[in-house]
Structure formats: structure tokens, C-alpha cells
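Architecture at a glance
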Amino acid sequence: MSEGREGRPDPGIRSGVDGKRVLVTGGSRGLGEQIVRLLAAGGARLATCARNPEHLRSLTASLGAEGHEEPFTRALDVTEPELLEQFVDAAAERFSGLDGVVACAGGARGRGIEDAGPQDWSLTWELNVGHTARLVKAAVPHLRRAGGGSVVVIASISGWKPGPQAQYGAAKAAQIQLAASLARELGPDGIRVNAVSPGSMLIPGKRWDRMRTEEPAAYARFTAELPHGELVTPREVAQVVAFLLADASSGVSGAHLPVDRAQNAPTPGGY
Ligand SMILES: NC(=O)c1ccc[n+]([C@@H]2O[C@H](COP(=O)([O-])OP(=O)(O)OC[C@H]3O[C@@H](n4cnc5c(N)ncnc54)[C@H](OP(=O)(O)O)[C@@H]3O)[C@@H](O)[C@H]2O)c1
């Protein structure tokens, strides 16, 4: 049994995703990278995209060096019309079908309500909600042909519990609703759709990691308020995503699963 969270056993999900053909958007860094790595270790066949080709190349090289099948990758911006759709078709052609997709690329543009302009709102919407809708639309014919499949939408506890930035929370809330609605619409095709809402995660170089190094006292106050005294890890979130892609979760569709270790507010400045 391998190690997951420091000092605690990682149950692994090998049998659940072995041979599954899965496309993950935003799989080169952060949570998406952890999802890709966990699925690859479990024997899944993977396609992933991100904007920076360098990061995709180093991910591919590193997975190959670990003895896993190299993922099919393409450098693209998921907010650009048609590029994502073409990549979905190319991945399905390469793998002769698809069993699952994960909408992981996401994030926020702009700051608070007085600073954020219309473009920040529309870009945040497109990056999170628009790309998810276009991903699912492009994937449906391939999933249907495979006799069904699993869609996992990476939302956030920011879409569930209020806190700034509002354009991000509103888009993440829309993703949760989108997943539940699509689960109803696509159920007759055997396609399951679920939303996963990570809590704040420690990702190298990103917000909470920067806070930990640059403002240690504020970070200590933030984590002291968490019931478990620490943030959820991307690896723990990836394990839930893997479960939702596996047949073991065949009864789960239309669900919203927070993976946040009971974190109460999405930011230290939450309610
Ligand atoms: N970090 C957290 O604490 C947290 C908490 C809750 C929810 N989430 C959600 O979890 C997901 C992953 O977050 P993360 O923090 O891991 O993000 P991240 O570290 O910024 O990684 C995002 C991944 O998506 C790619 N990406 C970003 N914008 C893209 C675009 N326009 N087109 C194509 N690829 C794009 C990035 O590669 P490139 O930059 O090369 O494109 C990277 O591979 C997001 O949906 C986020 O909203 C994060």
C-alpha cells in the first residue's frame, strides 16, 4: 500500500480505472496533474490539454519514465472555440472511444466587485462553465458509443459557500447546477455526471502555498480554524475523482461531493 497524505495509507484505485479512456482538461499542473498521475498509475489511458506545451512535455516524459503509458496531449486554451472540441474528437479516435471526461481547467479572473470588469466576469464564466459545457457536448457522442461513461466536473467549495471573488463563486455554483442538470439529461444514455468541490488545496506556487511562505502567521490562523487543522491535498481530491470514474460508483450521478475536510468558509475572509 502506498503513502497518500503524509503518514497515512493511500488505498489506491488500481482496479477501478484500469483500461478506462479518460480525457482531463488542465492536467499539466495542480489538481489536474494529480488526477492524471493517479489515473495513469491505475492503468487508465489518458488525454490531457493545457496552454503551456512545456508543462505537457515534462508531464509526458515523467509518466513515461515511471513506466506508465504516455498521455495524449495537446497545447490549447479551453476557452477558444473549436480547439477543445477537436481535441476531444482526436482523443476518442486515438483510443477508439472514451469512457470518461474530467473538466478540471478553471480559475478566476479579476478581483472584487468594484475592480472586476465585464471581461473578468465573462472570462471566468467561460473558463469554468463554458468550457465544461462544450467539453460534455463534444464528449457525449463518444461516451454514448461506449455504452455510457462518467463525467466529473471540478467545481469548488467557493460555489457552495459564499466568499470573494463573486465571479468565481457564481461560476463554480453554476458548474454544480450544470452537473446535476446534465446528469438528468444524459442518464438515459448511461452517462453519469457528478461535481466535485475541492476545499482550499496546497498547490506549489499557488495562493495557499504562497500564503504559507509569505504570511505564515495568517496561514497558521487560517488552518487553525479548520476542523482537521490542515488543508485537503490534491491527491485526496484526485482519489474521489478516480472513484467517480470507476464502475464502483455506478450508482452515483447528479451528486455534488465536497472534498474539503469540513472546511467551513472558502477563504480566511469568508463569512
Ligand atoms: N487550488 C485550489 O485550492 C482550488 C480549490 C477549489 C477548486 N479548485 C478548482 O480546481 C481546478 C484546478 O485548480 P488548480 O488550482 O489545480 O489550477 P492550476 O494549478 O492553475 O492548474 C490548472 C491547470 O489547468 C490548465 N489551464 C488553466 N487555464 C487553462 C486554459 N484556459 N486552457 C487550458 N488549460 C488551462 C493549466 O495549465 P496552463 O496554465 O498551461 O494552461 C493547468 O494544467 C480548477 O477548476 C479550480 O477552480 C481549485
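To keep things clear, this report deals only with the structure shown in the data block. (Residues numbered from 1 in each chain as written. Predicted model: local features only at pLDDT ≥ 70, side-chain atom pairs only at ≥ 80, totals over all residues. Heavy atoms only, no water.)

**Quick look at the overall build of the chain**
Worth spelling out the cut-off: Counting from the N terminus, the helices are DSSP H or I runs at least four residues long and the strands are E runs at least two residues long. For this measure, only C-alpha atoms enter the radius of gyration; the expected value for a globule follows 2.2 Å times N^0.38, where N is the number of residues. Two residues form a contact once any of their heavy atoms are found within 4.5 Å. What sets the accessible areas is the Shrake-Rupley method with a 1.4 Å probe; for residues, cover comes only from the shown protein chains. Only four residue types enter the charge count: Lys and Arg as positive, Asp and Glu as negative, with His and the chain ends excluded. One atom stands in for each charge, and that atom is NZ of Lys, CZ of Arg, CG of Asp or CD of Glu.
Scanning the chain for helices and strands turns up nine helices and nine strands. A compact globule built from 271 residues would reach a C-alpha radius of gyration of about 18 Å, and the chain, at 18 Å, matches this within 12%. In terms of overall dimensions, the chain has C-alpha extents of about 50 × 45 × 40 Å along its principal axes. For the chain, the proportion of contacts with a sequence separation of at least 24, taken over those separated by at least 6, is 73%. When the accessible surface of the chain is summed, it comes to about 12,500 Å², and 50% of that surface belongs to carbon and sulfur atoms. One finds the centroid of the 29 positive side-chain charges in the chain at a distance of 2 Å from the centroid of its 30 negative side-chain charges.

**So, the layout of surface pockets**
Left-over empty space is what a probe sized like a water molecule reveals as it rolls over the atoms. Keep this limit in mind: We place a 1 Å grid over just the protein atoms. Points where a 1.4 Å probe fits but has no way out form a cavity, open points with protein on both sides within 12 Å along at least 5 of 7 lines form a pocket, and any residue with an atom within 4 Å of a point lines it. Grid points are joined across faces, edges and corners, and a volume is the space filled by probe spheres set on the points.
Taken as a whole, the largest pocket encloses approximately 1,400 Å³ of empty space. Counting residues per element, the ones that place at least two in the lining of the largest pocket are helix H2 (30-41), strand E4 (45-50), helix H5 (118-145), helix H6 (166-186) and helix H7 (207-214).

**Here we look at the nonpolar core**
Quick note on the threshold: Only buried residues count toward a nonpolar core. Its members are Ala, Val, Leu, Ile, Met, Phe, Trp, Tyr and Cys residues joined through side-chain atoms within 4.5 Å. Burial classes: relative accessible area under 20% of the type maximum marks a residue as buried, over 50% as exposed, and values in between as partly exposed (1.4 Å probe, protein chains only).
Core analysis: the largest hydrophobic core is formed by 39 residues, its most contacted members being Leu23, Val88, Leu98, Val151 and Val193. If you list the elements that add at least two residues to this core, you get E4, helix H4 (83-95), strand E6 (100-103), H5, strand E7 (149-154), H6 and strand E8 (191-198). Each residue touching leucine 23, except ones within four places of it in the same chain, is listed here: Ala47, Phe87, Val88, Ala91, Leu98, Gly100, Val101, Val102 and Leu135.

**A closer look at the sheet that holds strand E3 (residues 21-25)**
Put simply, the rule reads: Think of it this way: DSSP has to see at least two bridges between two strands before they count as a pair. Angles run from 0 to 180 degrees between N-to-C directions of axes, and those axes are lines fitted to C-alpha atoms, restricted for helices to the stretch in contact.
With parallel pairing, the seven strands of this open sheet are ordered in space as E5-E4-E3-E6-E7-E8-E9. In this open sheet, the two edge strands, each paired with only one partner strand, are strand E5 (72-75) and strand E9 (256-259). Averaged over all adjacent pairs, the angle separating strand axes in this sheet is 15°, with direction ignored. Examined bridge by bridge, E3 and E6 share three bridges and lie parallel to one another. Looking across to E6, one finds that leucine 23 is bridged to valine 101.

**Looking at the side chain of lysine 20**
If you trace the backbone, lysine 20 turns up in the loop between helix H1 (14-17) and E3. Judged by relative accessible area, lysine 20 falls into the buried class, the value being 15%. Apart from residues no more than four positions distant in its own chain, lysine 20 is found in contact with Ala44, Arg45, Asp99, Leu245, Ala246 and Asp247.

**Overview of the site of the ligand**
The line we're drawing: Each residue is tested against the molecule or strand, and it is near if at least one of its non-hydrogen atoms lies within 4 Å. Each polar contact in these results corresponds to two N or O atoms within 3.5 Å; when the atoms are within protein, one needs to be able to donate a hydrogen and the other to accept it, and residues that are neighboring in sequence are counted only if both atoms are side-chain atoms.
Taken together, 29 residues surround the ligand, and among them Ser28, Arg29, Leu31, Arg51 and Tyr168 come closest. Valine 78 places a main-chain nitrogen or oxygen 2.9 Å from a nitrogen atom of the ligand. Here an oxygen atom of the ligand sits 2.8 Å away from a polar atom, N or O, in the main chain of cysteine 104. Expressed as a share of its isolated accessible area of 870 Å², the protein-covered part of the ligand is 93%.

**A closer look at the pairing of E5**
As a reminder, the rule being used: Viewed with both strands pointing away, a crossover whose connecting path from the first strand over the helix to the second turns clockwise is right-handed.
As paired elements, E4 and E5 share four bridges and run parallel to each other. Each bridged residue has a counterpart across the sheet, and for alanine 47 the counterpart in E5 is phenylalanine 72. Crossover connection from E4 via helix H3 (residues 53-65) to parallel E5: handedness right-handed.

**Points about H7**
Keep this limit in mind: This arc describes the spread of directions from the helix axis toward the C-beta atoms.
Every buried residue of H7 is listed here: Trp208, Asp209 and Met211. Within H7, the buried residues cover an arc of 160° as seen down the axis, which keeps them to one side. Of the exposed residues in H7, those oriented more than 90 degrees away from the buried face are Thr213 and Glu214. Check the buried side of H7 and you find it contacts helix H8 (216-224).

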